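Given next are the chains, with one letter for each unit.
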Amino acid sequence: MGLDGWIWALDGWILVAAVLCAVSCSLLGNFLVLRGTSMLGDAISHAVLPGLAVAFWISGSRSGTGMFVAAVAAAVVTVFLIETLRRTAGVDRGASMGVVFTAMFALGIIMIVQVADHVDLDPNCVLYGSIELTPLDQWEIAGWLIPKAVVTLGITLLLNGLFVALFYKELLLTTFDSDLADSMGISSQVIHYGLMTLVAITAVASFESVGSVLVVAMMVVPPASALMMTDRLSGMLAWSAGLAAMAAVMGHGSAIVVPSWFGMGSTLTSGMMAVSAGGILMVCGLVGGRRGLVTRWVRQRAFAAQVAADDVLGFLFRLEERAKSNAPTSAATTGHEPSESLTTKNPATAVQLSTNLGQSLPQSMRVLSGLVRRGEVEPSGAGYCLTDAGRRRAQLLVRSHRLWELYLVEQAQYEIDRIHEKAEAWEHVTDESMRESLDRATSQTALDPHGSQIPPEVERHNP
Amino acid sequence: MIGPSVAWVATETSEAWLVALWRLLTLADYNSRVVILGTALLGCAAGVVGSFTLLRKRALVGDAISHAMLPGLGIAFLVATLSGGDGRSLPILLTGATISGLIGAAAILGLRSTWRLSEDAAFGIVLSVFFGAGVALLGVIQSLEAGHAAGLEGFIYGKTASLSWTDLMSIVSAAAVALLMCAMYFKELALLCFDQAYAESQGYSKWWLDGLLMSLVVGVAITGMQAVGLILVIALLIIPAAAARFWTHRLSRQVVISAGIGMAGCFGGGMASALLPNLPAGAVIILACAILFLFSLMFGSSQGMVWRAIRRWQWQQIMLRQHLLRAVYERAETKISAPEIAGESEVRIDIADLMISRSWSKPLLERLVDNAQREGLVTRIGSQVALSRSGWIQAKRLTHQHRLWEMYLITHADVALQQVDRLADDIEHVLEPSIIHELEQLVQGRTVEVAKSPHQLPEPN
Amino acid sequence: MVSDRPATSPHSAGNPPDLGANRSLISPLQVWDLTVAYQRTPVLWDVAFQVEPASLVAVVGPNGAGKSTLLRAILNLIPRASGKIQIFGDEFSAQRRRVGYVPQRESVDWDFPVSVLDVVTMGLYREIGWLWPVRKQHRSRAMEALNQVGIADLAHRQISHLSGGQQQRTFLARALAQNADLYLMDEPLAAVDAATELAIIQQLRAMKQQGKTCVVIHHDLQTVPEYFDSVLLLNMRVVASGPVAEVFTPENLQKTYGGRLTLLDEVSSAMRRQEKLL
């Protein structure tokens, strides 16, 4: 294994810090993504620099709450400037972010250079972070030695969790429909600045330990992944938190393991966490329940298979019908004859089906074997014919088809030669209630526009 | 041109400093010449390309793409080093960065179209994941051979102050190519920014056009990044273009102005950092651009905030004065039978009467009357006001115009009259003479019957 | 329709031009010379009108006539250059709870991860209050509202799966849940199927029966007499206003506005949809 160098006392804390950071970022990130402000994490993480410089100028030290407060203040100023540019000057949101954060960053660099002669305020540290060093800087709390980063990130997560839980309604409403919120007296501005202040606090709390790359990644990537998995905001919050935690764990593991495959030493955890989050996004994008490519593909395939099976059943049903009407004593007209009467048996071969339905021979055979397995079709001599269950399903399909044809001619004034393909497409998605409305909307005739009998609805079968 | 003033100041202050300034302004110094020319050219190219991305509502694409180049750098370095070559060979690094930048651009377009993710989310994803990969790769490289990768750091922060002749040449060629492409495909890019659906309906492939624009961004970013650093490139791609929006509504002018602002910012910033000690050139250039942006924001001829505020204030004043004059005139009209005859200015109106004619507050009305009196439009006699001679003429014209407008809106109610400032634009300048004649007839007809203001319903009692 | 009397002020005993005859109750909405301008281009110009309690009022006018702006100005969502607005004889901020807003359907992102029930429950947020969670009683009230508009079976669907008509019904249900006394609706009948249009109109009539007032931006002149009690024809200013029977005589209107207005409106909203697609 590549995890030889794993030391719980160190790596355990790193993991805890990483998970705390990832989850607190992703909680707020959901709202950033839904509000179309995903890049704010990036903007804020660059724009805190002047705040750090000012705090250092004043306090002369690198650590402490002063630094934290100043950075958060700089972030709030940034958000305010971005909003003001957007609202009052009509600058596009992306552009206003770009203008403000680059200018703030430049200002910060210049200020730092002025004071940096006698201090190591390393902009590197802000960008990449040094989560590997978190276990080294510890506080003693109730007899426990806990890394400082874990404490601050824990508090941050608590704050964010409380904020999202307490203001869930308001966040949802102002994000979805800010005009309605304002008209109801729920100020979207207040909620916006509340959210932004917490984004700033989270970003600043995370920088020192994990770096801004990770802040941006965790604010955007897990929420975007969650969007692939669910279509509820509450679900999205849960998914994003879970996926973020997963990315954190995978990231730290892979930072140790992956380079060893190439015979190299471990790399930076923060970078690998972002990469892991990207990998998770790809997986969600493939198999996600909502927008996943594979899911969509499977759904399409399943529907195509259903259509093919429906076609086969409908064909067999019509074959039986024709046989019945050709027989001198029709069973269908009385309606009392048991449907499995021998005269209606009318098998069709796979070749016959494939030529008539425009399916390839292997496809028809595959469909048939599937239907046989489900007991809707049974082999009969050289061909196949419907079972009772199959006949019931086929009857409903044909009923839907013919009702649609009748409806299109009667209600929508369609030409009779154009109705078949419409009905053919819609019969697969027509359910009982729709058939009922169709029946009600059309005249109470038993014949479709082509003169074929419209079969009756099948009674629910209760064995 | 500035020679005499230099000579004059030289007597007063430090001569050495001025000599430095003089040498700088004339670009006599080789190093500052390279730096200033290089960054200015870059600013020009970035300003042009940035205009298109801004109008395409993708201002931050430069941010995402330039971050996406980092893993390419790392991989190129690793591959070159491990295969025994020189990891810091510029062509190899640039090739790697370009490829990963292009992959990043493709990823943005792919995320958008495949998963219906919003633009900003796609930017955020590409930026953070690619940059994360880059950071991880740099970590590996650093552990591989400490110090060896130091050169790569320069790509993030740039080395503006120490641009070499080769850097300048690569900037010149990249800027030339970018400008040439923008000129060649100007109308296609304009169409893409203005109306993508229409462009597609005209047979242009969205992918091709977006790809072209993204490639231009990659081109500018790759040249700029190794010369001046990542953040400066992002700033140059956004700030000049955003500033130019305050000066014009026309795309062709926007592009030119944006290029100009980019150049000016780089020029000014480069000068300042060369003159003042201990100022990193890249950061100073960004600040110079930001100052130009601020100036444009305030004083830009088309959208500048100051002009807008002044215009709005003036408009408000005109509107209020017109309200007052019209109210007085309309009251006066009801008092005398034939307002056209002389002596009309003697008609006195109670301020209390005016009070109920509009929803204005007492202090506001008082203030308006005072202002109008100062302008010689009305005279105030106790609790009454009367229009002066010039006030009467003005009020009469206003009221007439107003009624024509109203009549127009009513008789042509199927057309919304947009973009007309009815306070300032005379109706004669907006509408056809024949229509005005028709309206005059209608207004006259009404006057004889009953109405002055045809919109009003009978007041309930 | 035409008067030589000047518009009266709220400080006097007089009222602004009325859209009805009966005035025994406080008017839900009174507007005096409202002027709204974007930059220097006025969008609304000296608009004055008054709405009768328990009535259905149509706001009709060409695109760009300031219809949406009027609603947004009443709701204090945009600043006004001059004028005065009263809701039930009071400031808007004091009567906020009694006002419901149905925004344009295009104003929200229908891909948003919420269910139909979630959207309807939003109408109750103000009532639930800050910090309180949505409880069972609120959800059942939201369900009731969904029942009234006939889409209770869609309650747990995500909103992107709705048809245009169903989206509009969702918005209406949200307004119903809000249980306001005055509703301002921005094109609730735009691009809906005939069945939805009928269902919405029936709902509006039921609301009127309960003494509620609806001010509805409407795009189809033909159906105004059938659906509404009074009408406000807007083209930056009030072109005509009053009870449909008085103002909206077919001969009178066909002559002036004809089919042109509807057609133009259709074309411009089609263009707007086109732009949305970009």
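The present account deals with the structure reproduced in this document. Because the structure is predicted, anything quoted here is derived from the model rather than measured.

A few points about the pairing of strand β3 (residues 56-60) of chain C
All names here are of chain C.
Step number 1: A large share of β3 lies buried, amounting to five of its five residues.
Step number 2: Here β3 shows a buried face lined by L56, A58 and V60 and a second buried face lined by V57 and V59.
Step number 3: With four bridges joining them, β3 and strand β7 (residues 213-217) adopt parallel strand pairing. The residue bridging V57 from the neighbouring strand is V215, located in β7.

Thoughts on the sheet that holds strand β4 (residues 82-87) of chain C
Step number 1: If you walk across this open sheet you meet the three strands as β2-β1-β4 (chain C), and the pairing is antiparallel. The open sheet is flanked by β2 (41-51) and β4 of chain C, the only strands paired with a single partner. Within the sheet, the average angular offset between the axes of one strand and its neighbour, ignoring direction, is 20°.
Step number 2: Examined bridge by bridge, strand β1 (residues 29-38) of chain C and β4 of chain C share five bridges and lie antiparallel to one another. Paired with Q30 of chain C across the bridge in β4 of chain C is Q86 of chain C.
Step number 3: The strands touched by helix α16 (residues 305-335) of chain B are β1, β2 and β4 of chain C; relative to β2 of chain C, the strand with the most contacts, the crossing angle is about 45°.

Describing the sheet that holds strand β1 (residues 348-350) of chain B
All names here are of chain B.
Step number 1: As summarised here, the arrangement of the three strands in space is β1-β3-β2, forming an open sheet in which the pairing is antiparallel. Edge positions in the open sheet fall to β1 and β2 (378-381), since each of these has one partner strand only. Averaged over all adjacent pairs, the angle separating strand axes in this sheet is 30°, with direction ignored.
Step number 2: Looking at chain direction, β2 and strand β3 (residues 384-387) are connected through four bridges and run antiparallel. Counterpart to T379 in the pairing with β3 is A386.

Here's the deal with the interface of chain B and chain A
Step number 1: Between chain B and chain A, the contact holds 55 residues from the first and 60 residues from the second.
Step number 2: Interface area, chain B with chain A, both sides summed: about 4300 Å², of which 75% is carbon and sulfur.
Step number 3: On the surface where chain B and chain A come into contact, there are zero salt bridges.
Step number 4: Where chain B touches chain A, the interface holds six residue pairs in polar contact (both at pLDDT 80 or more).
Step number 5: Breaking the side of chain B that touches chain A down by element, the ones donating at least two residues are α4 (61-68), α5 (70-82), α6 (90-115), α7 (119-144), α8 (150-157), α13 (230-244), α15 (281-299) and α16 of chain B.
Step number 6: For the side of chain B that touches chain A, the element with the highest residue contribution is α7 of chain B, accounting for 19 residues.
Step number 7: Residues that form the side of chain B that touches chain A fall into these classes: 40 nonpolar, nine polar and six charged.

Thresholds applied
- Residues numbered from 1 in each chain as written.
- Chains lettered and ligands numbered in written order.
- Predicted model: local features only at pLDDT ≥ 70, side-chain atom pairs only at ≥ 80, totals over all residues.
- Heavy atoms only, no water.
- Buried < 20%, exposed > 50% of the residue type's maximum accessible area, 1.4 Å probe, protein only.
- Helix = DSSP H or I, 4+ residues; strand = E, 2+ residues; numbered from the N terminus.
- Pairing = 2+ DSSP bridges.
- Axes fitted to C-alpha atoms, helices over the stretch in contact; angles between N-to-C directions.
- Contact = heavy atoms within 4.5 Å.
- Buried area = accessible area lost by both parts, 1.4 Å probe.
- Salt bridge = Lys/Arg side-chain N within 4 Å of Asp/Glu carboxyl O.
- Polar contact = N/O pair within 3.5 Å; in protein donor to acceptor, adjacent residues only side chain to side chain.
- Nonpolar A, V, L, I, M, F, W, Y, C, P; charged D, E, K, R; others polar.

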